[in-house]
Amino acid sequence: MFDLFLQGGTWIMSILIVELICLLFAAWKAPAWVREIGLLVLVTDLIWQLKGMFNAAEVVQQVGDVPLTLVAGGLKVSFISLIYALLIYAASLVIRMLQKPRI
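What this report covers is the structure whose coordinates are included nearby. Since the structure is predicted, the reported quantities are computational estimates derived from the model, not experimental observations.

### Describing a nonpolar patch on the surface
On the surface, a nonpolar cluster with roughly 700 Å² of combined accessible area is contributed by Met53, Val60, Leu68, Val71, Leu75, Phe79, Ile83 and Leu87. Listing elements by their share of the nonpolar patch, those giving two or more residues are helix 3 (34-63) and helix 4 (68-99). The leading source of residues in the nonpolar patch is helix 4, at six residues. Overall, the relative accessible area of 31% leaves Met53 in the partly exposed class.

### Some details on helix 3
In an α-helix, one turn spans 3.6 residues; hence positions three or four apart end up facing the same way. When the terminal C-alpha atoms of helix 3 are compared, their 44 Å separation across 30 residues agrees well with the 44 Å that a helix rising 1.5 Å per residue should span. Buried within helix 3 we find Val34, Ile37, Gly38, Val41, Leu42, Thr44, Asp45 and Gln49. If you follow the buried residues of helix 3, they end up packed against helix 2 (10-29) and helix 4. Of the residues flanking the end of helix 3, it is Gly64, one or two places downstream, whose phi is positive at about 100°.

### Overview of the packing of helix 2 against helix 3
Close contact between helix 2 and helix 3 brings their axes to 9 Å; oriented N to C, the two are set at 175°. When the axes of helix 2 and helix 3 are compared, the pair comes out roughly antiparallel. Contact residues: Trp11, Ile12, Ile15, Leu16, Glu19, Cys22, Leu23, Ala26 and Ala27 in helix 2; Val34, Ile37, Gly38, Leu40, Val41, Thr44, Asp45 and Trp48 in helix 3. Per-class residue counts for the contact of helix 2 with helix 3 are 13 nonpolar, two polar and two charged.

### Re the side chain of Ser92
In this structure, Ser92 sits in helix 4. Residue Ser92 is classed as buried on the basis of its relative accessible area of 0%. There is a polar contact of 2.6 Å between the side chain of Ser92 and the backbone oxygen of Tyr89.

### Side note on the packing of helix 2 against helix 4
The contact between helix 2 and helix 4 brings their axes to 11 Å, and the two run at 5°. On the basis of the axis angle, helix 2 is roughly parallel to helix 4. Each of Ile12, Met13, Leu16, Ile17, Leu20, Leu23, Leu24 and Ala27 in helix 2 lies in contact with helix 4, whose residues at this interface are Ile80, Ser81, Tyr84, Ala85, Ile88, Ser92, Ile95 and Gln99. Considering only residue class, the contact of helix 2 with helix 4 consists of 13 nonpolar, three polar and no charged.

### Focus: the layout of surface pockets
Gaps between atoms show up when a probe of the same size as a water molecule is rolled over them. Looking at the largest pocket, its volume works out to about 410 Å³. Forming the walls of the largest pocket are 19 residues, and the residues nearest its centre are Gly52, Ala56, Gly74, Leu75 and Ser78. Taken together, the elements giving at least two residues each to the lining of the largest pocket come down to helix 3 and helix 4. Counting residues per element, the lining of the largest pocket draws most heavily on helix 3, which supplies nine residues. Looking at the lining of the largest pocket residue by residue, the classes come out as 13 nonpolar, six polar and no charged. Computed from the structure, the second largest pocket encloses a volume of approximately 220 Å³. Around the second largest pocket sit Met1, Phe2, Leu4, Phe5, Met13, Ile17, Ile80, Ile83, Tyr84 and Leu87, which together line it. The set of elements that each furnish at least two residues to the lining of the second largest pocket consists of helix 1 (2-8), helix 2 and helix 4. Looking at the lining of the second largest pocket element by element, the count peaks at four residues for helix 4. Split into classes, the residues belonging to the lining of the second largest pocket amount to ten nonpolar, no polar and no charged.

What counts as what
Residues numbered from 1 in each chain as written. Predicted model: local features only at pLDDT ≥ 70, side-chain atom pairs only at ≥ 80, totals over all residues. Heavy atoms only, no water. Patch = residues over 30% accessible without salt bridge, like charges linked within 9 Å, V, L, I, M, F, W, Y side chains within 5 Å. Areas by Shrake-Rupley, 256 points an atom, 1.4 Å probe, with all protein chains shown as cover. Salt bridge = Lys/Arg side-chain N within 4 Å of Asp/Glu carboxyl O. Helix = DSSP H or I, 4+ residues; strand = E, 2+ residues; numbered from the N terminus. Buried < 20%, exposed > 50% of the residue type's maximum accessible area, 1.4 Å probe, protein only. Expected span 1.5 Å × (residues − 1). Contact = heavy atoms within 4.5 Å. Axes fitted to C-alpha atoms, helices over the stretch in contact; angles between N-to-C directions. Parallel < 35°, antiparallel > 145°, perpendicular 65-115°, else oblique. Nonpolar A, V, L, I, M, F, W, Y, C, P; charged D, E, K, R; others polar. Polar contact = N/O pair within 3.5 Å; in protein donor to acceptor, adjacent residues only side chain to side chain. 1 Å grid on protein atoms, 1.4 Å probe; cavity = no way out; pocket = protein on both sides within 12 Å on 5 of 7 lines; lining within 4 Å. Points joined across faces, edges and corners; volume = space filled by probe spheres on them.

As structure tokens, this is what we get:
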């Protein structure tokens, strides 16, 4: 698990963990913010991933002939943080469903 944290990028994974802590705190103190924090997690990671893909495309353009296995490995690593962000977003939706009043 720690290896995935390091491979996903310590900076973005740390930001996602802070947002997860904020989500759990909001579930306890400010339930109306749970879904919004979940969306913030998703948007934060998508922006980070698009920035990384843009930088990778620039490098591929400058270098020219890049092996496909190298590109595939980069894509695999970039999806680690996205999967983590999607899990946090799913948790925010579950928390929100559990907090809604019953019919």
